[in-house]
Amino acid sequence: MLISLRNKQYQFSFISLILVILVVSLCFYLAAWQMQRAENKQQRLDYIEKMQSKGALNWAKLNDLPASFNKTGLQLKTTGKLDSHKYWLLDNRTLNGRVGYDVITIFYPSISNPSTFNSAKKQQALLVNFGWIPQGDSRNQLPKVQLPK
């Protein structure tokens with residue numbers, strides 16, 4: 001295919017023209033996809049901010065919410081028992097360029113109404129992330145973890 005612009009002639013093959021059109025179309029599609037992702041992320045962040053502004057809920061109010069309700073961003077205020085003898089170290093976490101672990105353990109919230117607790121039913125538990133701790137000098141030696149009682 002021969003194209004002339006300002007007294008200059010350019011030779012293009014049909015295959016290269018189709019390839020350029022495909023690549024440009026793909027770039028526009030990816031740009032639109034990224035814009036949609038950014039909009040969805042902003043909606044999630046706005047929702048979390050809105051939920052956090054409502055203050056902390058107690059365990060009974062949290063359990064009263066429907067199962068289909070999105071509980072992301074809710075603050076929970078409760079008492080209970082922490083299983084400080086069992087914990088997980090989530091590996092490959094970095095903070096300010098340093099390698100470390102996230103400490104995760106099990107928390108059993110107190111039951112506000114003991115008459116509703118059925119001994120045949122297992123007690124509800126939460127996984128709680130206690131934050132990041134640095135890795136020691138060697139990966140072979142795990143750090144000592146002190147969890148609250």
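*Asks:* It is not clear to me how the nonpolar core should be interpreted in this structure. Could you clarify?
*Replies:* Across soluble globular proteins, nonpolar side chains show a tendency to be buried alongside one another. By size, the foremost hydrophobic cluster in this structure holds 5 residues: Leu82, Val103, Phe107, Val145 and Leu147. Once residues within four sequence positions are removed from consideration, Val145 is found in contact with Tyr87, Leu89, Val103 and Ile133.

*Asks:* What exactly am I supposed to notice about the sheet that holds strand E5 (residues 80-95) here?
*Replies:* Note on sheets: strands pair through backbone hydrogen bonds, and any given pair is parallel or antiparallel. Ordered in space as E5-E6-E7, the 3 strands form an open sheet in which the pairing is antiparallel. Because the sheet does not close on itself, it has two edges, and the strands there are E5 and strand E7 (126-134). The mean angle between the axes of side-by-side strands here comes to 25 degrees, regardless of whether they run parallel or antiparallel. As paired elements, strand E6 (residues 98-109) and E7 share 7 bridges and run antiparallel to each other. Within the sheet, the bridge partner assigned to Thr105 lies in E7 and is Val128.

*Asks:* Just to check I follow, could you spell out unusual backbone geometry for this structure?
*Replies:* Backbone phi values are negative for most residues with the exception of glycine, while trans is the configuration of most peptide bonds. Positive phi outside glycine occurs at Asn92, with the angle close to 60 degrees. Structurally, Asn92 can be placed in strand E5. We note that Asn96 has phi near 55 degrees; this positive angle belongs to a residue other than glycine. A relative accessible area of 75% places Asn96 in the exposed class.

Quick notes on the rules
Residues numbered from 1 in each chain as written. Predicted model: local features only at pLDDT ≥ 70, side-chain atom pairs only at ≥ 80, totals over all residues. Heavy atoms only, no water. Core = buried A, V, L, I, M, F, W, Y, C linked by side-chain atoms within 4.5 Å. Buried < 20%, exposed > 50% of the residue type's maximum accessible area, 1.4 Å probe, protein only. Contact = heavy atoms within 4.5 Å. Pairing = 2+ DSSP bridges. Helix = DSSP H or I, 4+ residues; strand = E, 2+ residues; numbered from the N terminus. Axes fitted to C-alpha atoms, helices over the stretch in contact; angles between N-to-C directions.

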